[in-house]
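# Fold and contact review
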Amino acid sequence: MQLTTKARYGLRALCHVAHRGYASAHVIAEQQAIPSRYLEEIIGELRKAGFVVGKRGPRGGYKLARPAADIAVAEVLQALSTPANGVTTTGDPQDEITRMAERSVDARFEAAVGQLSLEQLLGEARENHRRRAPDLVI
């Protein structure tokens, strides 16, 4: 299972905001290497889904609408996988084997990420970063 670019960017943006507490779209785009126009679209969807709240103005930015522990990664993926216009881009498979395989993969994926929170994801990222940081002894 591969995540869409929108889902990857959305999770990175949410983790950035969760880590910093508050961040502007410009800073998120710059530090996460996300195209700023695409990020604005993604943040709009995250706002509509209730994951972030924004503040306008020169010192504006975004913060999480609720604690990171209360945001399930599966919720974020679901919100960012739904097309904005409500039209699905792929048709239903015509054969029963493909439908069964897709349902099975979806169920297993949901079971794997169903209980994973944004806070847990951020904690794992911090731990991986800590492990990769060189131990310099002088």
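Residues numbered from 1 in each chain as written. Predicted model: local features only at pLDDT ≥ 70, side-chain atom pairs only at ≥ 80, totals over all residues. Heavy atoms only, no water.

## A few points about the confidence of the model for the protein chain
Looking at the protein chain, the pLDDT average stands at 85 and 87% of residues meet or exceed 70. Within the protein chain, the lowest mean pLDDT, 82, falls on helix α5 (residues 96–113), and the highest, 96, falls on helix α3 (residues 36–48). (pLDDT = per-residue confidence, 0-100. Helix = DSSP H or I, 4+ residues; strand = E, 2+ residues; numbered from the N terminus.)

## A few points about the pattern of salt bridges
This structure, assessed with the given rule, holds 7 salt bridges. Residues glutamate 96 and arginine 103 are paired through a salt bridge, measuring 3.3 Å at the closest nitrogen-oxygen approach. Given the relative accessible area of 40%, glutamate 96 is considered partly exposed. Given the relative accessible area of 49%, arginine 103 is considered partly exposed. The structure contains a network of salt bridges with shared partners spanning Lys6, Glu41 and Glu45. (Salt bridge = Lys/Arg side-chain N within 4 Å of Asp/Glu carboxyl O. Buried < 20%, exposed > 50% of the residue type's maximum accessible area, 1.4 Å probe, protein only.)

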